[in-house]
Amino acid sequence: MARASVQAVAGAAYLAALLALDHYASYPEQLALGALTWVVLVAVLTQVSPERRVQALGVVAFATIGEVTGSLIWGVYSYRLHNLPLFVPPAHGLVYLTGLALATALARHTRTLVNLAAIGAATWGILGLTVLPRRDVAGALLVPMLLLFLWRGRNRAIYAGVFLVVAALELYGTAIGTWRWARELPGLGIPDGNPPSGVASGYVWFDVMALLTAPAVLALLRRRRASRTPHEAEQPLRSTTPA
(Lines give C-alpha, C1' and ligand atoms only; values in the text may rest on other atoms or scores of the structure.)
Protein backbone atom coordinates (compact mmCIF):
# COMPACT_ATOMS: atom_id res chain seq x y z
CA MET A 1 0.00 0.00 0.00
CA ALA A 2 2.90 2.35 0.72
CA ARG A 3 4.29 1.73 -2.76
CA ALA A 4 0.87 2.30 -4.29
CA SER A 5 0.56 5.59 -2.40
CA VAL A 6 3.89 6.77 -3.81
CA GLN A 7 2.81 5.71 -7.31
CA ALA A 8 -0.49 7.58 -7.01
CA VAL A 9 1.21 10.78 -5.83
CA ALA A 10 3.95 10.51 -8.46
CA GLY A 11 1.43 9.88 -11.24
CA ALA A 12 -0.75 12.82 -10.25
CA ALA A 13 2.28 15.09 -9.90
CA TYR A 14 3.62 14.17 -13.34
CA LEU A 15 0.25 14.69 -15.03
CA ALA A 16 -0.25 18.07 -13.34
CA ALA A 17 3.26 19.18 -14.31
CA LEU A 18 2.66 17.98 -17.87
CA LEU A 19 -0.46 20.13 -18.24
CA ALA A 20 1.30 23.12 -16.69
CA LEU A 21 4.24 22.84 -19.09
CA ASP A 22 1.97 22.39 -22.09
CA HIS A 23 0.22 25.65 -21.20
CA TYR A 24 3.38 27.53 -22.24
CA ALA A 25 4.76 25.11 -24.84
CA SER A 26 5.22 25.78 -28.53
CA TYR A 27 4.34 23.02 -30.99
CA PRO A 28 7.90 21.56 -31.09
CA GLU A 29 8.05 21.70 -27.30
CA GLN A 30 4.68 19.96 -27.17
CA LEU A 31 6.09 17.18 -29.35
CA ALA A 32 8.97 16.83 -26.88
CA LEU A 33 6.49 16.54 -24.01
CA GLY A 34 4.71 13.84 -25.99
CA ALA A 35 7.90 11.87 -26.55
CA LEU A 36 8.79 12.18 -22.87
CA THR A 37 5.34 10.98 -21.79
CA TRP A 38 5.58 7.93 -24.04
CA VAL A 39 8.96 7.11 -22.45
CA VAL A 40 7.48 7.53 -18.97
CA LEU A 41 4.51 5.29 -19.81
CA VAL A 42 6.75 2.55 -21.23
CA ALA A 43 8.99 2.74 -18.15
CA VAL A 44 6.00 2.44 -15.83
CA LEU A 45 4.54 -0.48 -17.81
CA THR A 46 7.73 -2.47 -17.25
CA GLN A 47 6.97 -2.36 -13.52
CA VAL A 48 3.43 -3.77 -13.64
CA SER A 49 1.98 -7.19 -14.34
CA PRO A 50 1.14 -8.27 -17.92
CA GLU A 51 -2.57 -7.99 -17.08
CA ARG A 52 -2.26 -4.38 -15.94
CA ARG A 53 -0.01 -3.64 -18.92
CA VAL A 54 -2.67 -4.83 -21.37
CA GLN A 55 -5.36 -2.92 -19.49
CA ALA A 56 -3.40 0.33 -19.60
CA LEU A 57 -2.66 -0.04 -23.31
CA GLY A 58 -6.34 -0.82 -23.87
CA VAL A 59 -7.26 2.44 -22.16
CA VAL A 60 -4.78 4.24 -24.44
CA ALA A 61 -6.42 2.69 -27.51
CA PHE A 62 -10.05 3.34 -26.54
CA ALA A 63 -9.33 6.81 -25.17
CA THR A 64 -7.46 7.81 -28.33
CA ILE A 65 -10.48 6.79 -30.42
CA GLY A 66 -12.60 8.91 -28.09
CA GLU A 67 -10.20 11.86 -28.39
CA VAL A 68 -10.17 11.78 -32.19
CA THR A 69 -13.95 11.49 -32.31
CA GLY A 70 -14.79 14.01 -29.60
CA SER A 71 -12.18 16.66 -30.33
CA LEU A 72 -11.00 16.49 -33.94
CA ILE A 73 -14.20 15.24 -35.61
CA TRP A 74 -17.12 16.35 -33.45
CA GLY A 75 -15.53 19.41 -31.86
CA VAL A 76 -17.01 18.91 -28.39
CA TYR A 77 -13.77 20.25 -26.94
CA SER A 78 -10.51 21.61 -28.32
CA TYR A 79 -6.92 21.76 -27.16
CA ARG A 80 -4.91 24.95 -26.95
CA LEU A 81 -3.21 24.47 -30.34
CA HIS A 82 -6.35 22.94 -31.91
CA ASN A 83 -4.66 19.58 -32.39
CA LEU A 84 -4.42 16.30 -30.53
CA PRO A 85 -1.22 16.71 -28.50
CA LEU A 86 1.20 13.80 -28.75
CA PHE A 87 1.26 13.45 -24.97
CA VAL A 88 -2.49 12.83 -24.70
CA PRO A 89 -2.63 9.10 -25.67
CA PRO A 90 0.12 7.96 -23.27
CA ALA A 91 -1.23 10.29 -20.59
CA HIS A 92 -4.48 8.30 -20.67
CA GLY A 93 -2.50 5.21 -19.74
CA LEU A 94 -0.86 7.09 -16.86
CA VAL A 95 -4.26 8.34 -15.69
CA TYR A 96 -5.53 4.76 -15.52
CA LEU A 97 -2.45 3.54 -13.64
CA THR A 98 -2.65 6.50 -11.24
CA GLY A 99 -6.31 5.77 -10.51
CA LEU A 100 -5.44 2.10 -10.04
CA ALA A 101 -2.64 3.02 -7.63
CA LEU A 102 -5.03 5.24 -5.68
CA ALA A 103 -7.56 2.41 -5.42
CA THR A 104 -4.81 0.03 -4.27
CA ALA A 105 -3.46 2.49 -1.70
CA LEU A 106 -6.97 2.85 -0.25
CA ALA A 107 -7.86 -0.84 -0.49
CA ARG A 108 -8.83 -0.89 3.19
CA HIS A 109 -11.18 2.01 2.59
CA THR A 110 -12.80 0.94 -0.68
CA ARG A 111 -16.32 1.75 0.46
CA THR A 112 -15.29 5.27 1.48
CA LEU A 113 -13.48 5.79 -1.84
CA VAL A 114 -16.49 4.62 -3.86
CA ASN A 115 -18.92 6.69 -1.81
CA LEU A 116 -16.72 9.77 -2.20
CA ALA A 117 -16.67 9.32 -5.99
CA ALA A 118 -20.43 8.74 -6.14
CA ILE A 119 -21.24 11.76 -3.98
CA GLY A 120 -18.78 13.91 -5.91
CA ALA A 121 -20.21 12.92 -9.30
CA ALA A 122 -23.82 13.37 -8.23
CA THR A 123 -23.13 16.73 -6.56
CA TRP A 124 -21.22 18.00 -9.59
CA GLY A 125 -24.07 16.99 -11.87
CA ILE A 126 -26.66 18.76 -9.71
CA LEU A 127 -24.55 21.91 -9.42
CA GLY A 128 -24.15 21.98 -13.19
CA LEU A 129 -27.91 22.04 -13.58
CA THR A 130 -28.50 24.69 -10.92
CA VAL A 131 -25.79 27.11 -9.79
CA LEU A 132 -22.64 26.78 -11.92
CA PRO A 133 -22.00 29.67 -14.37
CA ARG A 134 -22.48 27.39 -17.40
CA ARG A 135 -25.55 25.18 -17.49
CA ASP A 136 -24.33 21.62 -17.87
CA VAL A 137 -27.07 19.36 -19.20
CA ALA A 138 -24.77 17.21 -21.34
CA GLY A 139 -22.53 16.40 -18.42
CA ALA A 140 -25.38 15.53 -16.10
CA LEU A 141 -26.68 12.98 -18.59
CA LEU A 142 -23.54 10.85 -18.12
CA VAL A 143 -23.42 10.94 -14.32
CA PRO A 144 -26.01 8.12 -13.84
CA MET A 145 -23.78 5.81 -15.90
CA LEU A 146 -20.90 6.27 -13.45
CA LEU A 147 -23.21 5.81 -10.48
CA LEU A 148 -24.35 2.50 -12.00
CA PHE A 149 -20.75 1.34 -12.44
CA LEU A 150 -19.92 2.36 -8.88
CA TRP A 151 -22.95 0.49 -7.58
CA ARG A 152 -22.78 -2.73 -9.61
CA GLY A 153 -19.34 -2.81 -11.23
CA ARG A 154 -16.85 -5.53 -10.30
CA ASN A 155 -14.02 -2.97 -10.49
CA ARG A 156 -15.78 -0.11 -8.77
CA ALA A 157 -12.73 0.83 -6.67
CA ILE A 158 -10.72 1.36 -9.87
CA TYR A 159 -13.56 3.37 -11.41
CA ALA A 160 -13.73 5.53 -8.29
CA GLY A 161 -9.98 6.13 -8.28
CA VAL A 162 -9.90 7.01 -11.96
CA PHE A 163 -12.92 9.31 -11.56
CA LEU A 164 -11.18 11.33 -8.84
CA VAL A 165 -7.96 11.62 -10.86
CA VAL A 166 -9.80 12.65 -14.05
CA ALA A 167 -12.05 15.12 -12.21
CA ALA A 168 -9.02 16.86 -10.69
CA LEU A 169 -7.18 16.99 -14.03
CA GLU A 170 -10.25 18.29 -15.88
CA LEU A 171 -10.79 21.09 -13.40
CA TYR A 172 -7.08 21.97 -13.50
CA GLY A 173 -6.64 21.62 -17.26
CA THR A 174 -9.61 23.80 -18.15
CA ALA A 175 -8.68 26.36 -15.49
CA ILE A 176 -5.24 26.97 -17.05
CA GLY A 177 -6.54 26.76 -20.62
CA THR A 178 -4.90 23.53 -21.78
CA TRP A 179 -8.24 22.66 -23.36
CA ARG A 180 -11.78 24.02 -23.32
CA TRP A 181 -15.23 22.56 -23.86
CA ALA A 182 -17.80 23.95 -26.29
CA ARG A 183 -20.79 25.68 -24.73
CA GLU A 184 -23.13 23.28 -26.53
CA LEU A 185 -22.74 19.85 -28.08
CA PRO A 186 -22.20 20.62 -31.79
CA GLY A 187 -25.23 19.71 -33.85
CA LEU A 188 -27.36 18.92 -30.80
CA GLY A 189 -27.55 22.25 -28.98
CA ILE A 190 -27.38 20.60 -25.54
CA PRO A 191 -25.69 22.93 -23.00
CA ASP A 192 -22.29 21.70 -21.84
CA GLY A 193 -20.04 22.71 -18.95
CA ASN A 194 -16.35 23.60 -18.96
CA PRO A 195 -15.58 20.97 -17.87
CA PRO A 196 -18.84 19.03 -17.95
CA SER A 197 -19.70 17.03 -14.87
CA GLY A 198 -20.02 13.87 -16.92
CA VAL A 199 -16.57 13.95 -18.53
CA ALA A 200 -14.95 12.02 -15.71
CA SER A 201 -17.94 9.68 -15.70
CA GLY A 202 -17.63 9.14 -19.43
CA TYR A 203 -13.91 8.52 -19.06
CA VAL A 204 -14.65 5.50 -16.91
CA TRP A 205 -16.17 3.91 -20.01
CA PHE A 206 -12.64 3.62 -21.48
CA ASP A 207 -11.64 1.69 -18.37
CA VAL A 208 -14.67 -0.56 -18.62
CA MET A 209 -13.86 -1.45 -22.23
CA ALA A 210 -10.18 -2.03 -21.45
CA LEU A 211 -10.99 -4.28 -18.49
CA LEU A 212 -13.50 -6.25 -20.56
CA THR A 213 -11.18 -6.84 -23.49
CA ALA A 214 -7.93 -7.42 -21.57
CA PRO A 215 -8.56 -11.13 -20.79
CA ALA A 216 -9.18 -11.92 -24.45
CA VAL A 217 -6.07 -10.02 -25.53
CA LEU A 218 -3.95 -11.79 -22.91
CA ALA A 219 -5.30 -15.20 -23.97
CA LEU A 220 -4.50 -14.41 -27.60
CA LEU A 221 -0.95 -13.33 -26.74
CA ARG A 222 -0.37 -16.48 -24.68
CA ARG A 223 -1.65 -18.73 -27.48
CA ARG A 224 0.65 -17.04 -29.97
CA ARG A 225 3.58 -17.38 -27.60
CA ALA A 226 2.81 -21.06 -27.01
CA SER A 227 2.55 -21.74 -30.73
CA ARG A 228 6.04 -20.32 -31.24
CA THR A 229 7.55 -22.46 -28.48
CA PRO A 230 8.35 -26.01 -29.65
CA HIS A 231 7.06 -28.74 -27.35
CA GLU A 232 9.58 -31.06 -25.80
CA ALA A 233 7.80 -34.00 -27.39
CA GLU A 234 8.46 -32.55 -30.80
CA GLN A 235 12.21 -32.23 -30.21
CA PRO A 236 14.38 -34.96 -31.75
CA LEU A 237 15.70 -37.45 -29.18
CA ARG A 238 19.44 -37.30 -28.67
CA SER A 239 21.33 -40.50 -27.99
CA THR A 240 23.28 -40.60 -24.73
CA THR A 241 25.18 -43.76 -25.77
CA PRO A 242 28.87 -43.15 -26.61
CA ALA A 243 29.67 -43.65 -30.29
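See the structure shown above.
Scope of this entry: the structure provided in the associated data block. Fair warning: this is a prediction, and the values are worked out from it, not measured in the lab. (Residues numbered from 1 in each chain as written. Predicted model: local features only at pLDDT ≥ 70, side-chain atom pairs only at ≥ 80, totals over all residues. Heavy atoms only, no water.)

## Some words on a nonpolar patch on the surface
Here's step 1: On the surface, a nonpolar cluster with roughly 430 Å² of combined accessible area is contributed by Tyr-27, Leu-31, Trp-38, Leu-81 and Leu-86.
Here's step 2: Counting through the fold element by element, Trp-38 comes out in helix H2 (residues 27-45).
Here's step 3: For Trp-38, a relative accessible area of 33% gives the class partly exposed. (Patch = residues over 30% accessible without salt bridge, like charges linked within 9 Å, V, L, I, M, F, W, Y side chains within 5 Å. Areas by Shrake-Rupley, 256 points an atom, 1.4 Å probe, with all protein chains shown as cover. Salt bridge = Lys/Arg side-chain N within 4 Å of Asp/Glu carboxyl O. Helix = DSSP H or I, 4+ residues; strand = E, 2+ residues; numbered from the N terminus. Buried < 20%, exposed > 50% of the residue type's maximum accessible area, 1.4 Å probe, protein only.)

## Re the pattern of salt bridges
Here's step 1: On inspection of all chains with the given rule, the structure shows one salt bridge.
Here's step 2: Between Arg-80 and Asp-22 there is a salt bridge; the shortest N-O distance is 3.8 Å. One end of the pair, Arg-80, is in the loop between strand S1 (77-79) and helix H4 (88-105); the other, Asp-22, is in helix H1 (residues 2-22), with 58 residues separating them in the sequence.

## Some remarks on the packing of aromatic side chains
Here's step 1: Taken as a whole and assessed by the stated rule, the structure comprises six aromatic pairs.
Here's step 2: Where Phe-149 meets Trp-205, the ring centres are 6.1 Å apart and the plane angle is 20 degrees; that geometry is what we call stacked. Highlighted residues: Phe-149 in helix H6 (residues 137-152) and Trp-205 in helix H8 (residues 199-228), separated in sequence by 56 residues.
Here's step 3: Note on Trp-205: relative accessible area 39%, which makes it partly exposed.
Here's step 4: When the ring of Tyr-203 is compared with that of Phe-206, the centres are 5.3 Å apart and the planes differ by 75 degrees; the resulting orientation is edge-to-face. Taken together, the residues Tyr-203 and Phe-206, both in helix H8 and three residues apart, mark about one turn of the helix. (Phe/Tyr/Trp six-rings, centres within 6.5 Å; stacked < 30°, edge-to-face > 60°.)

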